[in-house]
Amino acid sequence: MSRPQQPKLTTADHNGVSVIQSQAHATSSSSSLPAAVAGLQQVPQLIPANPSAAGGKALPPSKMKKPSVDKDSEEYRQRRERNNLAVKKSRMRSKQKAMDTQQRVNELKEENERLEAKIKLLSKELSVLKDLFLEHAHNLADNVQPPAGVEGASPVPNSTPQ
């Protein structure tokens, strides 16, 4: 099986952007590709005209050269003042958020202690009620007469004589 021929590439420069277009030979595409694929139209690819210019990536703001600022100027002083106020405001918000979080933690701890105390109280109440129920059930079992006709059972009156 022979290797298909590489398509020919042509470039055209349009407004500083090179356009790569491939032109496949009709003989190679018709013999090696299915008919459905051979009929597809190829899309041109765009590449920068000067590929060495920063690799096609923009510089992040931190890497860009900043204009030098006169530290004695009024504009610089105003910007520093605004920045200082913004920093103070941010720190105050951060402290307030920490205080709110701590207050919420304290409230939740108190609620947790209250609920644990309630659990203890309800557990004791359950235990007392369970004991009362078992005592009552035991007393009822002692007072129940066995049915008549059972061997070894003697008829005992249920109530006291009058």
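Here is a short report on the structure shown in this document. (Residues numbered from 1 in each chain as written. Predicted model: local features only at pLDDT ≥ 70, side-chain atom pairs only at ≥ 80, totals over all residues. Heavy atoms only, no water.)

What to know about the overall build of the chain
Part 1: When you go through the chain residue by residue, the secondary structure sums to three helices and three strands.
Part 2: Starting at the N terminus, the α and β elements of the chain follow one another as β-β-α-α-β-α.
Part 3: The 162 residues of the chain split such that 2% are buried.
Part 4: When contacts within the chain are restricted to residue pairs at least 6 apart in sequence, long-range pairs at least 24 apart make up 37% of them.
Part 5: Carbon and sulfur atoms provide 56% of the accessible area of the chain, an area that totals close to 15,600 Å². (Helix = DSSP H or I, 4+ residues; strand = E, 2+ residues; numbered from the N terminus. Buried < 20%, exposed > 50% of the residue type's maximum accessible area, 1.4 Å probe, protein only. Contact = heavy atoms within 4.5 Å. Areas by Shrake-Rupley, 256 points an atom, 1.4 Å probe, with all protein chains shown as cover.)

Some points on the pattern of salt bridges
Part 1: Across all of its chains, the model carries three salt bridges by this definition.
Part 2: Arg77 serves as the salt-bridge partner of Glu74, at 2.3 Å between the closest nitrogen and oxygen. Placement of both Glu74 and Arg77 in helix H3 (residues 74–143) is noted, with a separation of three residues, approximately one turn of the helix.
Part 3: Residue classification places Glu74 among the partly exposed residues on the basis of a relative accessible area of 45%.
Part 4: You can call Arg77 partly exposed: its relative accessible area is 40%. (Salt bridge = Lys/Arg side-chain N within 4 Å of Asp/Glu carboxyl O.)

Considerations on a nonpolar patch on the surface
Part 1: A cluster of nonpolar side chains, contributed by Val128, Leu129 and Leu132, occupies part of the molecular surface with about 280 Å² of accessible area.
Part 2: With respect to the helices, strands and loops of the structure, Leu129 is situated in helix H3. (Patch = residues over 30% accessible without salt bridge, like charges linked within 9 Å, V, L, I, M, F, W, Y side chains within 5 Å.)

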